[in-house]
Structures are given as C-alpha cells and as structure tokens.
Amino acid sequence: MLLTDKKVLLVGGKGGVGKTTVSSALAVLASERGKKVLLVSTDPAHSLADAFGREPFGDHITRLAPNLDGLELDPDREVEQHLAKVTAQLKRFTRPEMFSEIERQMRLTRQSPGAQEAAMLERIAHTIELGLTDYDVVIFDTAPTGHTLRLLSLPEAMAAWTQGLLNANQRSAKLGEVLGHLTPKGGRDITNPLADPAEHATAGMDERNKAITETLLSRQRLLQRTRELLLDKQRSALLFVLTPEKLPILETGRAVKTLLDEKLPLAGLVVNRILPAHADGEFLAQRRLQEQQHLAQIEQQFSQLRRYKVPLQATDIQGVDALSRMATLLAAAGL
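Everything numeric in this text was worked out from a predicted model, so none of it was measured.

## Some points on the packing of helix α4 (residues 75–92) against helix α6 (residues 115–134)
Packing of α4 against α6 brings their axes to within 8 Å, and their N-to-C directions diverge by 85°. Comparing the axis directions of α4 and α6 gives the class roughly perpendicular. Across the interface between the two elements, P75, D76, E78, V79 and H82 from α4 touch A115, Q116, A119, M120, E122 and R123 from α6. Broken down by class, the residue content of the contact of α4 with α6 amounts to 5 nonpolar, 2 polar and 4 charged.

Following this line, the structure appears as structure tokens:
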C-alpha cells in the first residue's frame, strides 16, 4: 500500500544501516509496478549513484532505470544559492554603501547553525511540488537520523519565523509612513528635486514593503503546504531502516518517539540484514544468537509499528539488477 497510495515516501535511519540501498530498491520496486518515480538524496554523503553503479550525477534529474529518475541535492550548493538570492533581494532595497555590510552578514550566516537545513528544506519543498506534478511518487533517501528529524521539524518553526518577519515588516511600514511625514529629506534619495519628498518616500517604501511581503508570504505558503503534506498520512509516509544491533535500535527508539510526538505518519520499520537461516559456522551461530535477542527487543519495543524483515545478502547490492533482486525481497516482506 505504501508504494500504491502514497505520493511522498521518506526513508530514514542511522548511517550505515542500508538506507540508500532500501530507498533505491523501493524506487525500483515502484517503477516495476508501473509508477513514475523520482528518487531524491538529501544525504550530504551521496551514494545513490554508487547504488545504481553510475557516475555521480549530482543536482540534475537523471534517468536511472525505466520510469525512474534520480536527483542528489547538495547542501553546500543549496546554502550558496539561497544566500545569493537573499543577498540580491537585500541589495534591491539598500543603498550601495551598505552592500559590503550585507555581504559580510551573509558570510557569517553561511557558517551559522541551521543555515544548511533551512536552505535544504526550501529546496526539498520545491522538489516535492515538482514531484507531485511530474511523478506518481517521490522517494527521499534522507540524511542520518538527527539531520532528518531537524528537517522534519523545520517547516513549522520557519513558518512561525516568517510570520514574525511579516509582522515586523508591517510595523516597520507603519512607522515608516509616520516618519516619512515628520522627517525632512536631504535630497539624496529624491530623483526629482521638485517632487514632494513625502510622496516619493511613501511610494518607494510601498514598493519595498510589497516586494518583501510577497517574498515572505510565498515562502510561508510553501512551508505550510510542505508541513500539511508531511502530516497527511493519506499522501505521505516515513519508513525507518535499522539493523538488529544495539546502537541502531537505540537511535531508532529515540527517532520513533520524536516522530510520533510530532504526529508524523510513521508507516513502519525495515529491519535490514538479518542473518539467513542457512548461514552456518560457529562464528555465525554466535552472531545469530545475539541477533535473536535484538530481534526480540525490536518486536517488543516497536510492536505498534509494522516491521518489514529483509535478510542479509552474500554480496554487495549495486546496479539495477541487484536492486531489482533486493526489490523482490522487499515485496516478499510486505512492501
């Protein structure tokens, strides 16, 4: 049902548990079922190209298989493009002598906490809207757990922040109207010396505030649409990948609690790399004994969630054929 009904599927989990392989195999499975699929990586350590045995393709929609396109979003590039856009907008409404200060502030912003997540979120939101228009399903191979959780919590926070900026801008506009009538102009910013200074200042202020408001409202609406989509269990779902080992179980437990608290539609867990029954030898026998304890813990701790179990494979999974075989295993698990 996940690949039949959902429009957006996010695959998360601790680094190294096979998240990219699962995401890629799910995308292949959906495409084999006749869906037109966009597979998107938001992980800074991109490995989609490796999974498909391809040369890196980066931030360009690239055909990976029939009915399946791929895209790798670069967080650093997103920050640069985002700040360049903001810088250009700010320069439209300031005097040239302020340009160097704007550029200095943008350099500081580039290093600030959350800059990457904010830029990535806006790009993800645009990518989702593109995907909803041109594809049947969009599958995200997300960054490791903590990064993903921050991204999922950002739409609400950024929408509130944007609303604060809108309110501040409205107050500034009202104050500007008052000051425009009380403060004489020196002639520096009056194009026509014979024009009414107050009238010119108001006209200039209206254009500025209109542009700022439209920009902020556009972002706010985009983030609100994204938030509504991510909360809509009819259209979106999250899958978490883990392996039957102590650290992935602990990290998944914390992530599941956060996701459920946020009312995000967590559809289940992919328990990856389970030792197959035919694996033999004393070493594997000891390993299997410990694994059974971890599997029992997963059954007990995550009993409220659907669990899709996938066996460990003898060789690396790379290329469309190998991913198609992995897709068969996911289908057998119930996906």
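Picking up where we left off.
## A look at the nonpolar core
Ranked by internal contacts, the top residues of the largest apolar core, which has 36 residues, are L26, L68, I139 and V270. In contact with V270, other than residues within four places in its own chain, are V22, L239, F240, V241, L242, Y308, V310, L330 and L335. In this structure, L38, V138, L238 and I298 belong to the second largest nonpolar core, which totals 30 residues.

## Describing the environment of I128
If you trace the backbone, I128 turns up in helix α6. Note: C-alpha distance between I128 and L229 (101 residues apart in sequence) is 9.4 Å. Those residues within four positions of I128 in sequence are excluded, and the remaining contacts are V8, F140, T226 and L229.

## Thoughts on the environment of F240
Here F240 is to be found in strand β6 (residues 236–242). Taking relative accessible area as the criterion, F240 reaches 1% and is therefore assigned buried. When the C-alpha atoms of F240 and V17 are compared, they prove to be 9.9 Å apart, with 223 residues separating the residues in sequence.

## Description of the confidence of the model for the chain
Averaged over the chain, the pLDDT score is 82; the fraction of residues at 70 or greater is 79%. Scored below 50 in pLDDT, residues 185–205 makes 14 contacts in the model with residues more than four places away or belonging to other chains.

## Thoughts on helix α11 (residues 320–333)
The terminal C-alpha atoms of α11 lie 20 Å apart, and with 14 residues this matches the ideal 20 Å at 1.5 Å per residue to within 8%. Those residues of α11 that sit buried are A322, L323, M326, A327, L330 and A333. All buried residues of α11 project into a common sector of 145° when viewed along the axis, lining one side. Opposite its buried face, α11 presents the exposed residues D321, R325, T328 and A332, each directed more than 90 degrees away. At its buried positions, α11 is contacted by α2 (19–32), α3 (48–51), β7 (266–274) and β8 (307–311). Of the residues flanking the end of α11, it is G334, one or two places downstream, whose phi is positive at about 115°.

## Examining the pairing of strand β2 (residues 37–41)
With respect to burial, β2 is a largely interior element, 5 of its 5 residues being buried. Residues V37, L39 and S41 point to one face of β2 and L38 and V40 to the other, with burial holding for every one of them. Examined bridge by bridge, β2 and strand β4 (residues 68–72) share 5 bridges and lie parallel to one another. Bridging from a neighbouring strand, V37 pairs with L68 of β4. Summarising the sheet, β2 and strand β5 (residues 137–141) pair through 5 bridges and their orientation is parallel. Each residue of the ladder has a partner; that of L39, found in β5, is I139.

Analysis parameters
- Residues numbered from 1 in each chain as written.
- Predicted model: local features only at pLDDT ≥ 70, side-chain atom pairs only at ≥ 80, totals over all residues.
- Heavy atoms only, no water.
- Axes fitted to C-alpha atoms, helices over the stretch in contact; angles between N-to-C directions.
- Helix = DSSP H or I, 4+ residues; strand = E, 2+ residues; numbered from the N terminus.
- Parallel < 35°, antiparallel > 145°, perpendicular 65-115°, else oblique.
- Contact = heavy atoms within 4.5 Å.
- Nonpolar A, V, L, I, M, F, W, Y, C, P; charged D, E, K, R; others polar.
- Core = buried A, V, L, I, M, F, W, Y, C linked by side-chain atoms within 4.5 Å.
- Buried < 20%, exposed > 50% of the residue type's maximum accessible area, 1.4 Å probe, protein only.
- pLDDT = per-residue confidence, 0-100.
- Expected span 1.5 Å × (residues − 1).
- Arc of directions from axis to C-beta.
- Pairing = 2+ DSSP bridges.

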